[in-house]
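Okay, here's what each chain looks like letter by letter:
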Amino acid sequence: MGGVELLDELRGIVGSGHVLVGADVRAGYEVDWTGRFRGTSPAVVRPGGTDEVARVVEACARAGTAVVPQGGNTGLVGGSVPLQGEIVVSLRRLDALGPVDAASRQVLVGAGAALAAVQAHAAAAGLAVGVDLAARASATIGGMVATNAGGLSFLRHGGMRRQVVGLEAVLGDGSIVAPLRGLAKDNTGYDLTGLLCGSEGTLGIVTRVRLQLVQPPAERSTALVPVPDLAAAVGLVASAHRAGLQVEAAEGFFDDGLLLVCRHLGLARPTPASTAYLLLDWAGPVDQLAAVAGIDDAVVATDAAGRAGLWRYREAHSDAINALGVPHKLDVTLPLADLDAFAVEVRTRVAAIAPGATVVLFGHVADGNLHVNVVGGPDDDTVDDVVLRTAASRGGSISAEHGIGTAKRRWLPLVRSEEELAAYRRIKAALDPAGILNPNVLL
Ligand SMILES: Cc1cc2nc3c(=O)[nH]c(=O)nc-3n(C[C@H](O)[C@H](O)[C@H](O)COP(=O)(O)OP(=O)(O)OC[C@H]3O[C@@H](n4cnc5c(N)ncnc54)[C@H](O)[C@@H]3O)c2cc1C
């Protein structure tokens, strides 16, 4: 089937108003959040329900036309944009929010629901979503499942895979799988839900998700603590655990990043200057911090506005970096003992090959997860190569939480064996026999 016939068939499935072909209306779907990855698409298709997604995928598979599933388009590895002329399947119309079940503390939501909408919905029932991230206003639950998002509460509640108790998805041949019952115990063979989490749109298009919600703490405090280096930050988190604090989040950043944020937002320095900072968030009263040894000059807050004010210094890093130029964003994990040495080494290595570049590091330190941002370096992949190889050589991972996408495919063999990659390919062939789902991602 030719392109025109396929588009006509898609119009028949979703309605012509939901097949976007004009260059101006397609534009926002064709470039990623960083501006680094862009392509063009013959059309953006916006199905309104699972059946429509299934018929769209089946028609594309029959036509041999590749598709890119897209949620909020906040992914940072170029996985959500059409780099080779794929059709974009936007899931944003699938944003229904089911009632929160008080007994099981579960909720069934559409894959296109934005995280912030689901958070508000859960909060109205006195509950919370176990994963939180700064892109909450746009990132969708389906995208978060597809990337197995980590985020700010990973330390406390784990990543997206742990919050998902069932999902519905359309596989590459248009068939629908829906292990959605949400039973606490259901030991009946392969874990399709777990397999689709983190599959980055290469095995199926997630259409609905049953989430396990969590109980938010009654009281919460936040401290911004100056520290000499990341090793000290990691040590303080361990001390906080030892002192009995229920740590909800532990984020780290450096003075250059803090100053960048201050300039970007017109804010003053929050604490005396230091090499690095730990943002510690715990469930409990502020005076518990006194039990944690080695904390000087911390700024603390317990009320919502004060806590949000401290969190801004961390959460605004991504926007402040983007304002400098198009960043190369490399999200890596290190063994905790190597985190600080990695931070020093990576700056030295990047400076050697890109002397004029700006390097900003921040991340979820208690998880060993650093986001390495490089702006103003070469356009090619030389910086990526150095950063990812440095992480792998220290026993780390080339992707902590953002996924592989297009950006890191080349380096997957650094952390996955030939045998593992061969198994990946066989799984892909089984669930997407025509190879139409996100063919430029992961493998
Ligand atoms: C400011 C900022 C902060 C961020 N902080 C974090 C963080 O702390 N932790 C973290 O893990 N990430 C973070 N991210 C990255 C991003 O928000 C996450 O990867 C998020 O999960 C992407 O969701 P999305 O809906 O925007 O997905 P998209 O960007 O639209 O897509 C991401 C990938 O998932 C696929 N996909 C999307 N929807 C579906 C679907 N329904 N079915 C199948 N595949 C699908 C796409 O094809 C693509 O491969 C951040 C991003 C920004 C901009």
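In what follows, the structure referred to is the one given above.
Conventions and cut-offs
- Residues numbered from 1 in each chain as written.
- Predicted model: local features only at pLDDT ≥ 70, side-chain atom pairs only at ≥ 80, totals over all residues.
- Heavy atoms only, no water.
- Pairing = 2+ DSSP bridges.
- Helix = DSSP H or I, 4+ residues; strand = E, 2+ residues; numbered from the N terminus.
- Buried < 20%, exposed > 50% of the residue type's maximum accessible area, 1.4 Å probe, protein only.
- Arc of directions from axis to C-beta.
- Contact = heavy atoms within 4.5 Å.
- Near = heavy atom within 4 Å.
- Polar contact = N/O pair within 3.5 Å; in protein donor to acceptor, adjacent residues only side chain to side chain.
- Areas by Shrake-Rupley, 256 points an atom, 1.4 Å probe, with all protein chains shown as cover.
- Expected span 1.5 Å × (residues − 1).
- Patch = residues over 30% accessible without salt bridge, like charges linked within 9 Å, V, L, I, M, F, W, Y side chains within 5 Å.
- Salt bridge = Lys/Arg side-chain N within 4 Å of Asp/Glu carboxyl O.
- Axes fitted to C-alpha atoms, helices over the stretch in contact; angles between N-to-C directions.
- Parallel < 35°, antiparallel > 145°, perpendicular 65-115°, else oblique.
- Nonpolar A, V, L, I, M, F, W, Y, C, P; charged D, E, K, R; others polar.

### Regarding the sheet that holds strand 5 (residues 106-110)
Strands pair in a sheet through their backbones, by hydrogen bonds, and they do so in one of two ways: parallel or antiparallel.
Item 1. The antiparallel open sheet is built from four strands, whose spatial order is 5-8-6-7. One side of each edge strand has no neighbouring strand; the edge strands of this open sheet are strand 5 and strand 7 (176-177).
Item 2. Sheet topology places strand 6 (residues 164-171) next to strand 8 (residues 204-212); seven bridges connect them, and they run antiparallel. Considered in strand 8, the bridge of Leu167 is made with Val209.

### Describing helix 4 (residues 115-124)
Item 1. Buried residues of helix 4: Leu115, Val118, Gln119 and Ala122, and no others. Seen end-on, helix 4 carries its buried residues on one side only, within an arc spanning 105°.
Item 2. Looking at the buried positions of helix 4, the neighbouring elements they touch are strand 5, helix 5 (141-147) and strand 8.

### Concerning the site of the ligand
Item 1. What surrounds the ligand is a group of 36 residues, the closest being Pro69, Gly71, Thr74, Gly75 and Thr140.
Item 2. Separating an oxygen atom of the ligand from a backbone N or O atom of Gly72 is a distance of 2.8 Å.
Item 3. Taken by itself the ligand offers 960 Å² of open surface, and the protein chains cover 97% of this.
Item 4. Those elements giving two or more residues to the shell around the ligand turn out to be strand 3 (67-70), helix 5 and strand 8.
Item 5. The dominant element in the shell around the ligand, judged by the number of residues it contributes, is helix 5, at five residues.

### What to know about unusual backbone geometry
Item 1. Despite not being glycine, Arg105 has its phi angle at roughly 55°, a positive value.
Item 2. Mapping Arg105 onto the fold places it in the loop between strand 4 (87-90) and strand 5.
Item 3. The exposure class of Arg105 is partly exposed, given its relative accessible area of 33%.
Item 4. Phi is positive for Glu200, close to 55°, though the residue is something other than glycine.
Item 5. Within the secondary structure, Glu200 is located in the loop between helix 8 (192-196) and strand 8.
Item 6. On the accessibility criterion, Glu200 (11% relative accessible area) is buried.

### Regarding helix 9 (residues 230-242)
Item 1. Under the 1.5 Å per step criterion, the end-to-end length of helix 9 is 18 Å for 13 residues, consistent within 8% with the ideal 18 Å.
Item 2. Those residues of helix 9 that fall on the buried side of the exposure criterion are Leu230, Ala233, Val234, Leu236, Val237, Ser239 and Ala240.
Item 3. Each element contacted by the buried residues of helix 9 is listed here: strand 9 (221-227), strand 10 (246-254), strand 11 (276-283), helix 13 (339-353) and strand 15 (369-375).
Item 4. For helix 9, the side-chain oxygen to backbone nitrogen distance between the N-cap and Ala231 is 3.2 Å, and the N-cap itself is Asp229.
Item 5. At the exit of helix 9 stands Gly244, carrying a positive phi of roughly 90°.

### Overview of the sheet that holds strand 1 (residues 19-20)
Item 1. Taken in spatial order, the four strands make up an open sheet running 1-2-4-3, and their pairing is mixed. The open sheet has two edge strands, strand 1 and strand 3, and neither has a second partner.
Item 2. By the bridge criterion, two bridges tie strand 2 (residues 44-45) to strand 4 in an arrangement that is parallel. What sits directly across from Val45, in strand 4, is Val89.

### Brief notes about a nonpolar patch on the surface
Item 1. On the surface, Tyr190, Leu192, Leu195 and Ile427 cluster together into a nonpolar patch covering about 420 Å² of accessible area.
Item 2. Mapped onto the secondary structure, Tyr190 falls in the loop between strand 7 and helix 8.

### Some remarks on the side chain of Thr390
Item 1. Structurally, the position occupied by Thr390 is in helix 14 (residues 382-393).
Item 2. When residues no more than four places from it in sequence are discounted, the contact partners of Thr390 are Phe342, Glu345 and Arg349.

### Details of the environment of Asp51
Item 1. As for its placement among the helices and strands, Asp51 is situated in helix 3 (residues 50-63).
Item 2. When the C-alpha positions of Asp51 and Gly182 are compared, they lie 21 Å apart, and in sequence the two are 131 residues distant.

### Here's the deal with the packing of helix 1 (residues 3-14) against helix 3
Item 1. Where helix 1 contacts helix 3, the axes come no closer than 9 Å and their chain directions differ by 170°. What the angle tells us is that helix 1 and helix 3 run roughly antiparallel. On helix 3, the residues that touch Leu6, Glu9, Leu10, Ile13 and Val14 of helix 1 are Glu52, Arg55, Val56, Ala59, Cys60, Arg62 and Ala63.
Item 2. Looking at the contact of helix 1 with helix 3 residue by residue, the classes come out as eight nonpolar, no polar and four charged.

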